[in-house]
Amino acid sequence: MKLTEPGTKGELDESQIHNVLRNDRRRETIRYLRQTGDSLAVDDLAEHIATLETGESPPPRNVRKSVYVSLHQTHLPKLDDLGIVEYDQRSEELVLNDRAREVEVYMEVVAEHDVSWPTYYLGLGILEFIVLFAAKLHLFSIQLLDFEFWTWFFLTFFLVSALYHIYNGQERSLF
(Lines give C-alpha, C1' and ligand atoms only; values in the text may rest on other atoms or scores of the structure.)
Protein backbone atom coordinates (compact mmCIF):
# COMPACT_ATOMS: atom_id res chain seq x y z
CA MET A 1 0.00 0.00 0.00
CA LYS A 2 1.34 3.41 -0.92
CA LEU A 3 1.73 6.06 1.76
CA THR A 4 0.69 8.78 -0.66
CA GLU A 5 -0.73 8.24 -4.10
CA PRO A 6 1.01 10.24 -6.86
CA GLY A 7 -2.19 11.88 -8.04
CA THR A 8 -3.42 13.07 -4.65
CA LYS A 9 -3.50 16.68 -3.66
CA GLY A 10 -1.98 16.12 -0.21
CA GLU A 11 1.57 17.25 0.21
CA LEU A 12 4.39 15.23 1.67
CA ASP A 13 5.02 16.09 5.29
CA GLU A 14 8.43 17.31 6.44
CA SER A 15 9.39 14.02 8.05
CA GLN A 16 8.78 12.16 4.77
CA ILE A 17 10.82 14.72 2.86
CA HIS A 18 13.69 14.64 5.34
CA ASN A 19 13.62 10.85 5.29
CA VAL A 20 13.97 10.91 1.49
CA LEU A 21 16.78 13.45 1.58
CA ARG A 22 18.66 11.63 4.31
CA ASN A 23 20.12 9.25 1.74
CA ASP A 24 22.64 10.29 -0.94
CA ARG A 25 21.37 7.70 -3.42
CA ARG A 26 17.78 8.93 -3.19
CA ARG A 27 18.90 12.55 -3.61
CA GLU A 28 21.03 11.65 -6.62
CA THR A 29 18.17 9.63 -8.12
CA ILE A 30 15.92 12.70 -8.05
CA ARG A 31 18.68 14.98 -9.31
CA TYR A 32 19.69 12.64 -12.16
CA LEU A 33 16.12 12.00 -13.25
CA ARG A 34 15.50 15.75 -13.39
CA GLN A 35 18.69 16.15 -15.42
CA THR A 36 17.83 13.40 -17.92
CA GLY A 37 14.25 14.62 -18.18
CA ASP A 38 12.76 11.32 -19.31
CA SER A 39 12.40 7.73 -18.22
CA LEU A 40 15.52 6.02 -17.03
CA ALA A 41 16.58 2.41 -16.71
CA VAL A 42 17.63 1.30 -13.23
CA ASP A 43 20.85 -0.11 -14.72
CA ASP A 44 21.78 3.33 -16.06
CA LEU A 45 20.98 4.99 -12.74
CA ALA A 46 23.03 2.39 -10.84
CA GLU A 47 25.95 2.94 -13.22
CA HIS A 48 25.73 6.72 -12.75
CA ILE A 49 25.58 6.53 -8.94
CA ALA A 50 28.36 3.93 -8.76
CA THR A 51 30.54 6.18 -10.93
CA LEU A 52 29.92 9.11 -8.59
CA GLU A 53 30.64 7.03 -5.50
CA THR A 54 33.85 5.46 -6.77
CA GLY A 55 35.14 8.15 -9.10
CA GLU A 56 35.86 5.41 -11.64
CA SER A 57 34.33 5.11 -15.08
CA PRO A 58 33.22 2.48 -15.56
CA PRO A 59 32.78 1.66 -11.89
CA PRO A 60 33.77 -1.76 -10.55
CA ARG A 61 31.15 -4.42 -11.21
CA ASN A 62 30.68 -5.28 -7.53
CA VAL A 63 29.92 -1.63 -6.69
CA ARG A 64 27.47 -1.33 -9.58
CA LYS A 65 25.70 -4.46 -8.40
CA SER A 66 25.58 -3.25 -4.80
CA VAL A 67 24.12 0.10 -5.89
CA TYR A 68 21.62 -1.65 -8.18
CA VAL A 69 20.41 -3.95 -5.39
CA SER A 70 19.99 -1.13 -2.89
CA LEU A 71 18.12 0.98 -5.46
CA HIS A 72 15.87 -1.90 -6.51
CA GLN A 73 15.09 -3.21 -3.03
CA THR A 74 15.03 -0.05 -0.92
CA HIS A 75 15.36 3.39 -2.45
CA LEU A 76 13.20 3.20 -5.57
CA PRO A 77 10.24 1.48 -3.84
CA LYS A 78 10.37 4.18 -1.14
CA LEU A 79 10.39 6.97 -3.74
CA ASP A 80 7.59 5.19 -5.62
CA ASP A 81 5.49 4.76 -2.46
CA LEU A 82 5.73 8.49 -1.80
CA GLY A 83 4.78 9.32 -5.39
CA ILE A 84 8.09 11.04 -6.11
CA VAL A 85 8.97 8.62 -8.91
CA GLU A 86 7.01 6.05 -10.81
CA TYR A 87 8.97 2.81 -10.67
CA ASP A 88 7.96 -0.14 -12.81
CA GLN A 89 9.78 -3.12 -11.29
CA ARG A 90 8.98 -5.37 -14.25
CA SER A 91 10.51 -3.15 -16.91
CA GLU A 92 12.98 -1.65 -14.41
CA GLU A 93 12.19 1.85 -15.70
CA LEU A 94 11.51 4.92 -13.62
CA VAL A 95 10.09 8.35 -14.29
CA LEU A 96 10.11 11.44 -12.11
CA ASN A 97 6.64 12.55 -10.98
CA ASP A 98 5.49 16.13 -10.37
CA ARG A 99 5.53 15.44 -6.63
CA ALA A 100 9.35 15.50 -6.81
CA ARG A 101 9.17 19.30 -6.81
CA GLU A 102 8.11 19.16 -3.15
CA VAL A 103 11.39 17.42 -2.32
CA GLU A 104 13.58 19.42 -4.72
CA VAL A 105 12.75 22.64 -2.88
CA TYR A 106 14.59 21.21 0.11
CA MET A 107 17.51 20.15 -2.10
CA GLU A 108 18.05 23.73 -3.29
CA VAL A 109 20.08 24.84 -0.34
CA VAL A 110 23.37 26.64 -0.53
CA ALA A 111 26.35 24.37 -0.02
CA GLU A 112 28.63 25.11 2.93
CA HIS A 113 31.26 27.12 1.04
CA ASP A 114 28.96 28.76 -1.51
CA VAL A 115 27.81 32.36 -1.47
CA SER A 116 24.06 32.92 -1.45
CA TRP A 117 22.56 35.65 -3.61
CA PRO A 118 21.38 37.71 -0.62
CA THR A 119 24.91 37.58 0.84
CA TYR A 120 26.37 38.53 -2.54
CA TYR A 121 24.08 41.56 -2.88
CA LEU A 122 24.75 42.61 0.70
CA GLY A 123 28.52 42.38 0.13
CA LEU A 124 28.26 44.31 -3.11
CA GLY A 125 26.19 47.00 -1.39
CA ILE A 126 28.67 47.32 1.47
CA LEU A 127 31.58 47.50 -0.99
CA GLU A 128 29.73 50.19 -2.96
CA PHE A 129 29.06 52.19 0.21
CA ILE A 130 32.74 52.04 1.25
CA VAL A 131 34.04 53.00 -2.21
CA LEU A 132 31.54 55.85 -2.68
CA PHE A 133 32.23 57.12 0.84
CA ALA A 134 35.99 57.05 0.16
CA ALA A 135 35.50 58.74 -3.23
CA LYS A 136 33.38 61.48 -1.67
CA LEU A 137 36.06 62.14 0.95
CA HIS A 138 38.86 61.81 -1.63
CA LEU A 139 40.52 58.98 0.29
CA PHE A 140 43.13 56.57 -1.04
CA SER A 141 43.59 56.18 -4.77
CA ILE A 142 39.83 56.15 -5.26
CA GLN A 143 40.02 59.91 -5.74
CA LEU A 144 41.71 59.30 -9.10
CA LEU A 145 38.27 58.48 -10.48
CA ASP A 146 35.36 60.74 -9.65
CA PHE A 147 32.25 59.96 -7.64
CA GLU A 148 30.08 59.77 -10.76
CA PHE A 149 32.31 57.07 -12.29
CA TRP A 150 31.99 54.89 -9.18
CA THR A 151 28.23 55.41 -9.07
CA TRP A 152 27.83 54.26 -12.67
CA PHE A 153 30.29 51.41 -12.15
CA PHE A 154 28.33 49.95 -9.23
CA LEU A 155 24.97 50.59 -10.86
CA THR A 156 26.16 48.61 -13.88
CA PHE A 157 27.58 45.89 -11.64
CA PHE A 158 24.24 45.54 -9.81
CA LEU A 159 22.35 45.45 -13.12
CA VAL A 160 24.60 42.76 -14.62
CA SER A 161 24.38 40.74 -11.40
CA ALA A 162 20.59 41.00 -11.33
CA LEU A 163 20.31 39.95 -14.98
CA TYR A 164 22.57 36.97 -14.32
CA HIS A 165 20.49 36.10 -11.25
CA ILE A 166 17.25 36.26 -13.26
CA TYR A 167 18.75 34.25 -16.12
CA ASN A 168 19.80 31.53 -13.66
CA GLY A 169 16.67 31.86 -11.56
CA GLN A 170 16.73 28.27 -10.30
CA GLU A 171 20.10 28.69 -8.66
CA ARG A 172 20.25 29.29 -4.92
CA SER A 173 23.94 30.01 -4.82
CA LEU A 174 26.36 32.06 -6.81
CA PHE A 175 29.06 29.41 -7.34
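Residues numbered from 1 in each chain as written. Predicted model: local features only at pLDDT ≥ 70, side-chain atom pairs only at ≥ 80, totals over all residues. Heavy atoms only, no water.

Comments concerning the overall build of the protein chain
- The helix and strand tally for the protein chain stands at seven helices and three strands.
- Along the protein chain, helices (α) and strands (β) appear in the sequence α-α-β-α-α-β-β-α-α-α when read from the amino end.
- Here the protein chain, with 175 residues, has 33% of them falling under the buried criterion.
- The long-range share in the protein chain, meaning contacts at least 24 apart out of those at least 6 apart in sequence, stands at 61%.
- Carbon and sulfur atoms provide 57% of the accessible area of the protein chain, an area that totals close to 11600 Å². (Helix = DSSP H or I, 4+ residues; strand = E, 2+ residues; numbered from the N terminus. Buried < 20%, exposed > 50% of the residue type's maximum accessible area, 1.4 Å probe, protein only. Contact = heavy atoms within 4.5 Å. Areas by Shrake-Rupley, 256 points an atom, 1.4 Å probe, with all protein chains shown as cover.)

Some details on the pattern of salt bridges
- Under the defined criterion, the tally for this structure stands at five salt bridges.
- The closest approach of N and O atoms between E53 and R25, which form a salt bridge, is 2.8 Å. Pair noted here: E53 is in helix α3 (residues 42–54) and R25 is in helix α2 (residues 24–36), with a separation of 28 residues, a long-range link.
- Owing to a relative accessible area of 16%, R25 belongs among the buried residues under this scheme.
- Salt-bridge contacts for E47 lead to R64; the nearest nitrogen and oxygen are separated by 3.6 Å. In this pair, E47 sits in helix α3 while R64 sits in helix α4 (residues 61–81), placing the two residues 17 residues apart along the sequence.
- Judged by relative accessible area, R64 falls into the partly exposed class, the value being 25%. (Salt bridge = Lys/Arg side-chain N within 4 Å of Asp/Glu carboxyl O.)

Some points on the nonpolar core
- Of all hydrophobic cores here, the largest spans 27 residues; its most connected members are I30, L45, L76, I84 and V103.
- Secondary structure elements with two or more residues in this core: α1 (14–21), α2, α3, α4, β2 (85–88), β3 (93–96) and α5 (100–107).
- Residues Y120, L132, A135 and W150 belong to the second largest nonpolar core, which totals eight residues. (Core = buried A, V, L, I, M, F, W, Y, C linked by side-chain atoms within 4.5 Å.)

Thoughts on the sheet that holds β2
- Here three strands make up an open sheet; going across it, the order is β1-β3-β2 and the pairing antiparallel. Strands with a single pairing partner mark the edges of an open sheet, and in this sheet they are β1 (40–41) and β2.
- By the bridge criterion, two bridges tie β1 to β3 in an arrangement that is antiparallel. Note on β3: the bridge partner recorded for A41 is E93.
- Its contacts with the sheet place α4 against β2 and β3, and it is angled at close to 130° to β2. (Pairing = 2+ DSSP bridges. Axes fitted to C-alpha atoms, helices over the stretch in contact; angles between N-to-C directions.)

Focus: the environment of D146
- In this fold, D146 is placed in the loop between α6 (117–136) and α7 (147–167).
- C-alpha of D146 to C-alpha of L132: the two residues are 14 residues apart in sequence and 9.3 Å apart in space.

Remarks on the environment of A50
- With respect to the helices and strands, the residue A50 is situated in helix α3.
- By relative accessible area, which is 0% here, A50 ends up buried.
- Spatially, the C-alpha atoms of A50 and S66 are 8.7 Å apart, while their sequence positions differ by 16 residues.
- The residues touching A50, leaving out its near neighbours within four places in the chain, are G55, P59, V63, R64 and V67.

So, the environment of P60
- Assignment of secondary structure puts P60 in the loop between α3 and α4.
- For the pair P60 and E47, spaced 13 residues apart in the sequence, the C-alpha separation amounts to 9.5 Å.

Observations concerning the packing of aromatic side chains
- The final tally for this structure, using the stated rule, is nine aromatic pairs.
- The interplanar angle of 10° and the centroid separation of 6.2 Å between the aromatic rings of Y121 and F158 together place this pair among those described as stacked. On the criterion of sequence distance, the pair formed by Y121 in helix α6 and F158 in helix α7 is long-range, its members being 37 residues apart.
- Assessed through its relative accessible area of 22%, Y121 is described here as partly exposed.
- Here a set of aromatic residues connected by ring pairs shows up, and it is made of F149, W150, F153, F154 and F157. (Phe/Tyr/Trp six-rings, centres within 6.5 Å; stacked < 30°, edge-to-face > 60°.)

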